[in-house]
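So you can see what is in the structure, the chains are spelled out below.
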2 protein chains.
Amino acid sequence: MRKLVMAEKDSLQLVTHHNHCGIAEALQFFGDRWSLLIIRNVLMGIDRFDALQEDLQISRNILTKRLNALESDGFLLKTPVKEGSKRHRYAPTEKSLALAPVLIAMIEWSQHWGDTSKSWSSVVDAKTGQAVKTKIVNQDGEEVTTSQMKINL
Amino acid sequence: MRKLVMAEKDSLQLVTHHNHCGIAEALQFFGDRWSLLIIRNVLMGIDRFDALQEDLQISRNILTKRLNALESDGFLLKTPVKEGSKRHRYAPTEKSLALAPVLIAMIEWSQHWGDTSKSWSSVVDAKTGQAVKTKIVNQDGEEVTTSQMKINL
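Bear in mind that the values here come from a model prediction, so they are computed numbers and not experimental data.

**Q** Explain the overall build of chain A residue by residue, including any values.
**A** Per the secondary structure count, chain A includes six helices and six strands. Buried positions account for 48% of the 153 residues belonging to chain A. Put simply, of all contacts in chain A between residues at least 6 apart along the chain, 47% involve residues at least 24 apart. As displayed, chain A offers around 7,500 Å² of accessible surface, 46% of which is attributable to carbon and sulfur atoms.

**Q** Could you give me a rundown of helix H4 (residues 60-72) of chain B, with the residues and numbers involved?
**A** Residues and elements named next belong to chain B. Its 13 residues give H4 an end-to-end C-alpha distance of 18 Å, which sits within 8% of 18 Å, the value for a rise of 1.5 Å per residue. Along its buried surface, H4 packs onto helix H2 (35-43), helix H3 (49-56), strand E2 (76-80) and strand E3 (88-92). Looking at the residues trailing H4, positive phi occurs at Gly74, about 85°.

**Q** For the relation of the copies chain A and chain B, give the residues involved together with the corresponding values.
**A** Mapping chain A onto chain B is achieved by rotating through 180° and translating by 0.0 Å along the same axis, at an RMSD of 0.0 Å. The superposition of one copy onto the other is thereby described by a two-fold rotation axis. A symmetric contact is evident, with 100% of the interface residues of chain A recurring at the interface of chain B.

**Q** Summarise the nonpolar core; cite the residues concerned and give the values.
**A** Soluble, globular proteins show a tendency: their nonpolar side chains are buried together. Counting 83 residues, the largest nonpolar core has Met106(A), Ile38(B) and Met106(B) as the members making the most contacts within it. A domain split of this core shows at least three residues from each of domain 1 (15-98) and domain 2 (99-153) of chain B. Beyond its immediate stretch of four places on either side in the chain, Ile38(B) contacts Leu52(B), Leu56(B), Leu63(B), Arg66(B), Leu67(B), Leu70(B) and Leu76(B).

**Q** Got a sec to walk through the pattern of salt bridges? Specific residues and values, please.
**A** Summed over the entire model, instances satisfying the criterion amount to eight salt bridges over all chains. Across the pair Arg89(A) and Asp47(A) runs a salt bridge, and its minimum N-O distance is 2.7 Å. Pair noted here: Arg89(A) is in strand E3 (residues 88-92) and Asp47(A) is in the loop between helix H2 (35-43) and helix H3 (49-56), with a separation of 42 residues, a long-range link. In terms of burial, Arg89(A) and Asp47(A) fall into one category: buried. Salt-bridge contacts for Asp55(B) lead to Arg40(B); the nearest nitrogen and oxygen are separated by 3.6 Å. Placement of the pair is Asp55(B) in helix H3 and Arg40(B) in helix H2, with a sequence separation of 15 residues. What makes Arg40(B) buried here is its relative accessible area of 5%.

**Q** A description of the interface of chain A and chain B should follow, citing residues and the corresponding values.
**A** Contacts between the two partners involve 86 residues from chain A, matched on the other side by 86 residues from chain B. Both faces considered, chain A and chain B share a buried interface measuring about 8,300 Å² in area, 69% of it formed by carbon and sulfur atoms. Of the residues that constitute the side of chain A that touches chain B, the class distribution is 47 nonpolar, 23 polar and 16 charged.

**Q** An account of the confidence of the model for chain A is needed here, citing residue identities and associated values.
**A** Residue and element names in this part refer to chain A. Predicted confidence across chain A gives a mean pLDDT of 82, with 87% of residues reaching 70 or more. Looking over chain A, one finds the lowest element-wise mean pLDDT in strand E1 (residues 13-14), namely 49, and the highest in helix H4 (residues 60-72), namely 95. For this predicted complex, the interface score ipTM comes out at 0.83, alongside a pTM of 0.83.

**Q** So what's going on with the packing of H2(A) against helix H1 (residues 22-30) of chain B? Residues and values would help.
**A** Put simply, H2(A) and H1(B) touch, their axes get as near as 10 Å, and they point 170° apart. For the element pair H2(A) / H1(B), the angle class is roughly antiparallel. The residues of H1(B) that touch H2(A), namely those facing Leu36(A), Leu37(A) and Arg40(A), are Ile23(B), Ala24(B) and Leu27(B). Classifying every residue of the contact of H2(A) with H1(B) gives five nonpolar, no polar and one charged.

**Q** If you had to explain the side chain of Ser35(A) to someone new, which residues and values would you point to?
**A** In this structure, Ser35(A) sits in helix H2. Overall, the relative accessible area of 0% leaves Ser35(A) in the buried class.

**Q** Explain the packing of helix H6 (residues 100-113) of chain A against H1(B) residue by residue, including any values.
**A** Interhelical geometry of H6(A) versus H1(B) gives an angle of 85° and a closest axis separation of 7 Å. Considered as vectors, H6(A) and H1(B) are oriented roughly perpendicular to each other. Packed against H6(A), whose contacting residues are Leu103(A), Met106(A), Ile107(A), Trp109(A) and Ser110(A), the element H1(B) presents Gly22(B), Ile23(B), Glu25(B), Ala26(B), Leu27(B), Phe29(B) and Phe30(B) at the interface. Grouping the constituent residues of the contact of H6(A) with H1(B) by class yields nine nonpolar, two polar and one charged.

**Q** I'd like a rundown of the UniProt feature "domain: HTH hxlR-type" (unreviewed entry) in chain A, residues and numbers included.
**A** Per the UniProt record, the feature "domain: HTH hxlR-type" (unreviewed entry) sits at residues 21-118 of chain A. As annotated, residues 21-118 of chain A comprises 58% helix and 10% strand, and the C-alpha atoms at either end are separated by 34 Å.

Analysis parameters
Residues numbered from 1 in each chain as written. Chains lettered and ligands numbered in written order. Predicted model: local features only at pLDDT ≥ 70, side-chain atom pairs only at ≥ 80, totals over all residues. Heavy atoms only, no water. Helix = DSSP H or I, 4+ residues; strand = E, 2+ residues; numbered from the N terminus. Buried < 20%, exposed > 50% of the residue type's maximum accessible area, 1.4 Å probe, protein only. Contact = heavy atoms within 4.5 Å. Areas by Shrake-Rupley, 256 points an atom, 1.4 Å probe, with all protein chains shown as cover. Expected span 1.5 Å × (residues − 1). Least-squares fit on C-alpha atoms with pLDDT ≥ 70 in both. Core = buried A, V, L, I, M, F, W, Y, C linked by side-chain atoms within 4.5 Å. Domains from an automatic or database assignment. Salt bridge = Lys/Arg side-chain N within 4 Å of Asp/Glu carboxyl O. Buried area = accessible area lost by both parts, 1.4 Å probe. Nonpolar A, V, L, I, M, F, W, Y, C, P; charged D, E, K, R; others polar. pLDDT = per-residue confidence, 0-100. Axes fitted to C-alpha atoms, helices over the stretch in contact; angles between N-to-C directions. Parallel < 35°, antiparallel > 145°, perpendicular 65-115°, else oblique. UniProt positions renumbered as here; feature names shortened; annotations may be inferred.

Encoded structure:
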């Protein structure tokens, strides 16, 4: 583990506090430990009930509840495996695919801050096999560091 | 709300599945709805117990538990307000500041996918006041789309 250093003061600047917080909004959907892992799996093609249950080692009861909630909240679409089939798979929507930057940022964070004795998952450019990186940029594409940002909450 | 469209197939490609998943790791720390909101507040300078309690409308009991866990997991440092003071504040560490891309990606996601009738929080470049954007880039700084990525889980 790295040594813990206090972050610089004023690293994020709060401007106002009267908008709806997007962090709270996002957590409302997946602030429960399982939902984001289910979305991760469906995005990767682990998209049947039994496969999800086996991979996540989650009770069938909880998995059913979470899948129903994710479906009614528009993150997943339940579709027949083939036309007319009774078996189905869960397909990601554009709304859940749009969570990829959140998932990638989490993977990146764990590579830096997780237990360094473990081998961590990584996201790579399929073409080159090299790791990708999250970058925060302004409208001109220039990188913005956290100390240069303001949050309008 | 936008129309829900099924995401393209193979939008994320799974390669292997024998590393520790950084998403699961990250969720272990803040897959509980409150921890990430506490970190958000401390990053923004809402850093005293009472101010956190008031802002989050959380029971003192739960807040105490979450703060203790975040402190022992190295996300927060409890420091006296002034030298020798009995009153204290919670300061972010580099480990929690490194979560900024996760928080920003969540804010960005909510702007696109949250209820469009609401006014959502945003993150802006302090210099220009314009919104910042999360970009996934390869080693050469070129943007990589989700369909060009592979996850090594």
